[in-house]
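The residues making up each chain are set out below.
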Amino acid sequence: MKTIPKPAQKYLKYLVFLGLSIAIAGLVAGFVSEKWSALPISLLVVGSLLMLVGLVFYLPQLQVVLQQRSTQVGTDAIVATLSVIIILGLINFLAVRYPSRIDLTETQLFTLSPQTQKIIGNLPQPLKVLVFDATPDPADKELLDNYRRQGDNFQYEFVDPQIKLGMVEKFGVDSAREVHLEYDERLQRLQTLSEQESLSEVSLSNGIERIIRQEQPQIYFLQGHGELSPDNSGENGLSSAESSLENAGYRVETLNLADRAEFPQDAAAIIVPAPQQELLEREVELLQDYLDEGGSLLLMFEPRTESGLEPLLEEWGVRRDSRLIIDGSIANSSLATVLVNNYGLHPITADFENGNSIYLLSEPLEVEEVEGIQATSLLRTSEQSWAESDLELEEFEFNPGSDIQGPLTIGYALNRQQTEESENRDKLEELDSDEEESESDSDEEESPASEESDSDSDEDESESKQDEKESRLVVFGNSRFATDGWFKQQLNGDVFLNSVKWLANTDDTSLSIRPKELKNRRLNLTVGQAGMIFWLAVFIVPAFGFAIAGWTWWRRR
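I will try to describe carefully the structure that is included in this document. Being a predicted model, the structure only gives us computed values, none of them experimental.

What counts, and where the lines are drawn
- Residues numbered from 1 in each chain as written.
- Predicted model: local features only at pLDDT ≥ 70, side-chain atom pairs only at ≥ 80, totals over all residues.
- Heavy atoms only, no water.
- Salt bridge = Lys/Arg side-chain N within 4 Å of Asp/Glu carboxyl O.
- Helix = DSSP H or I, 4+ residues; strand = E, 2+ residues; numbered from the N terminus.
- Buried < 20%, exposed > 50% of the residue type's maximum accessible area, 1.4 Å probe, protein only.
- Pairing = 2+ DSSP bridges.
- Axes fitted to C-alpha atoms, helices over the stretch in contact; angles between N-to-C directions.
- Parallel < 35°, antiparallel > 145°, perpendicular 65-115°, else oblique.
- Left-handed = near helix turned anticlockwise from the far one by under 90°.
- Contact = heavy atoms within 4.5 Å.
- Nonpolar A, V, L, I, M, F, W, Y, C, P; charged D, E, K, R; others polar.
- Core = buried A, V, L, I, M, F, W, Y, C linked by side-chain atoms within 4.5 Å.
- Right-handed = clockwise from strand over helix to strand, strands pointing away.

### Concerning the pattern of salt bridges
Item 1. What the rule picks out here adds up to 19 salt bridges.
Item 2. One salt bridge in this structure joins K118 and D351, with 2.6 Å as the shortest N-O distance. One end of the pair, K118, is in helix α5 (residues 114-121); the other, D351, is in the loop between β12 (342-343) and β13 (357-360), and 233 residues separate them in sequence.
Item 3. Of the charged contacts, one joins E470 and R472 as a salt bridge, the two residues approaching to 2.9 Å between their closest N and O atoms. We note that E470, like R472, is buried.
Item 4. Here the salt bridges do not stand alone but share partners, grouping K128, E157 and K164 into one network.

Structure below.
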C-alpha cells in the first residue's frame, strides 16, 4: 500500500479546521431552518469525516505542541476565558428567563405601590389604557408593562391618531399624546402628556380608581365651630387632603349643621376636623342619628379642646384624655412630636407593617367595651412615650403619680350593626306610614291588591337593607397629621385616606399604601457656588492629584 507523501501529510492536518467549519455550518442550517433535511445532515457527516482524517495527521504534532510550556499556559488562558464566557452566558440566560428588578430609590419610585397592585389584581372586568401617541415614550411603556404584570384584566395600546381616526372620534381626542381609559363601556380622559407632565403611577392609579367606581361617594367636612377647613392651605389647611380625595374619585363639600333641619341623605362619610368650639346640642343629635342609621363619621381632636361630642363618644365607649403625649424617640424634634410604627390589625392599617407616621400635639384615647361595638386600636405609640399632665414644666419628665406610661393609643376604628334605638325608630316610622296609608285607603273607594303587595315587598326590601347597614366611627386624638404641612410626611396621608375610604364603605381590598411621587432633590446654586464647583472639579482637584504624583515620583528617585 502506498503511503501519503510527507509534503501532503503537512497539509492534510488542516482538514481538521475545514471539517469543523463544515460541521458548524450544518448545525446552524439545521437549527435556523428547524428542519433537519439532507443538506444540514450531509454537512455534519462530511465535516465530521474531514475532522477525523485531519486528526490522524495532526495528532503527532499535537502531542509535541501539548508538551510545550507555552501551550499549557495558553490552554489555561483559553479555559479561563471560556469559563467566564459560559458563566456570563448562563447569568444572562437566567436573567432573561427569570427577570427580577431591584428598586433602590428612596421612595420605591419604580415599584408599584401595594394599593396599585391590589387595584389591578382585583379588576373584575378588562380595563384598557389608550395613549394617542405615534412614538411611544420608553418610560411610559415600561410603566404600563409593570401594570400589566399585576393582572390579566389590564391592557394598554399606543394609538397613532393620524391612522386610527375612528378611535380618535370615539374618545373625543382633541390633541396628540392624550391618555384615555376604557372600562365597562365607560370612557374617561386621564391627562395630556408633555415634557412637564409625564405618565405617572399616581395619576394612572387615581384615574383607574375613579372609572371603576360606578358613582362618586359624597364626603362632607363639618364647619362652623373653628374646624380645619379644606378650603384653606398651610398650617391649618386641609387642601392636600381634599385634593387627594377628589383625585381618588370622591366629591368633597363643606357642611354646616346649624342651619339644617335634617342630615344630607347623600353623605358617604362626615369628617369633623378638630372643632375649637362646642357643637350645638341639636347638631350632636343629628350626628348621632346619622350614625344610628348606618352612617360613617371621622372625628379628629386637638388636645384640651371642648367639642360637645362627649355624649356621642360615650355612647360608643370612647374617652378622651386631657393629657399630652410626649415622645423623645425622634431626634432633633419637639417632644410633643410622636412617631408611630405600631399599627393595629385593621383594613385601614393592614399594609403599613413597620412604616412611620408622625403626629404633633396628640392626646391619648381609651375605649371601654360596649355591647355590639367592635373597637380596633389603629395607632400605638412606643414604650418610651407617656401622657404628660403638667404642661407648665420647662423640661418634661415622667411622673408615675400623674402621668401615664406608654404605649398609648392615638386612633381607634369602631363599627357596629344598626342599633336597637334606630330599629325601634324605623318601626315607629313604618307604623306612622301604615296609618297614613290606612287613612288614604279609607278615603278612597277602591284599592288594587297588586299595589298593596308591591308596597309590602318594597317595605320588606327596605327593612332588609336597613338590617344590613353598619355604622362606622374613626376617632383620632390628633388632627395636624392631615394638614398640608404633615399630609405628605411618611404614611400620614395614607392613614387619613384609608380611614375615609373605610368609612365610605368602599372596597376594603384596595386599602393600602398609595403611590409616592419623586421628591424634588434639585439644588439651586448661586453664580458664585457654581463657579467654585467648576474650579474645584476642573483645575484645583486635578492639580492637587498631579502634585502628589510628582512628589511621590521625586521621592522614589
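### Brief notes about the sheet that holds strand β18 (residues 409-417)
Item 1. As summarised here, the arrangement of the 8 strands in space is β6-β5-β7-β8-β19-β18-β15-β12, forming an open sheet in which the pairing is mixed. Across the chains shown, the open sheet's two edge strands, defined by having one partner strand only, are β6 (251-255) and β12.
Item 2. Pairing geometry for strand β5 (residues 218-222) and strand β7 (residues 267-273), over 4 bridges, is parallel. The residue of β7 that forms the bridge with F221 is I271.

### Describing the packing of helix α6 (residues 138-148) against helix α8 (residues 201-212)
Item 1. For the pair α6 and α8, the least separation of the axes is 11 Å and the interaxial angle reads 45°. Considering the angle they form, α6 stands oblique to α8. Handedness of the crossing formed by α6 with α8: right-handed. For the pair α6 and α8, contact is made by L143, L144 and Y147 and by E201, L204, S205 and I208, respectively.
Item 2. Broken down by class, the residue content of the contact of α6 with α8 amounts to 5 nonpolar, 1 polar and 1 charged.

### Focus on the nonpolar core
Generally speaking, soluble globular proteins have nonpolar side chains that are buried together.
Item 1. Residues I219, L245, L298, V474, F476 and F496 are the most contacted members of the largest nonpolar core, which totals 41 residues.
Item 2. Here the element with the most residues in this core is helix α14 (residues 492-503); it accounts for 6 residues.
Item 3. With sequence-adjacent residues up to four places away left out, F476 is seen in contact with L298, L299, M300, F301, L365, L378, L379, I410, G411, F481, V495 and S499.

### Remarks on the sheet that holds strand β1 (residues 127-132)
Item 1. The strand order β2-β1-β3-β4 describes an open sheet built from 4 strands, whose pairing is mixed. One side of each edge strand has no neighbouring strand; the edge strands of this open sheet are β2 (154-159) and β4 (186-192). Pairs of neighbouring strands in the sheet enclose a mean axial angle of 20°, with direction left out of account.
Item 2. The sheet contact formed by strand β3 (residues 178-183) and β4 spans 6 bridges and is antiparallel. Considered in β4, the bridge of E182 is made with L187.
Item 3. Lying over the sheet, α6 contacts β1 and β2, oriented at roughly 155° with respect to β2.

### Overview of the pairing of β1
Item 1. Judged by how many residues are buried, β1 sits mostly within the fold: 5 of 6 residues are covered.
Item 2. Pairing between β1 and β3: 6 bridges, direction antiparallel. By the bridge assignment for β3, L130 is matched with H180.
Item 3. Relative to β2, β1 runs parallel, the two sharing 6 bridges. Following the sheet pairing, L130 is matched in β2 by E157.
Item 4. The β-α-β motif built from β1, the intervening α6 and the parallel element β2 has right-handed crossover chirality.

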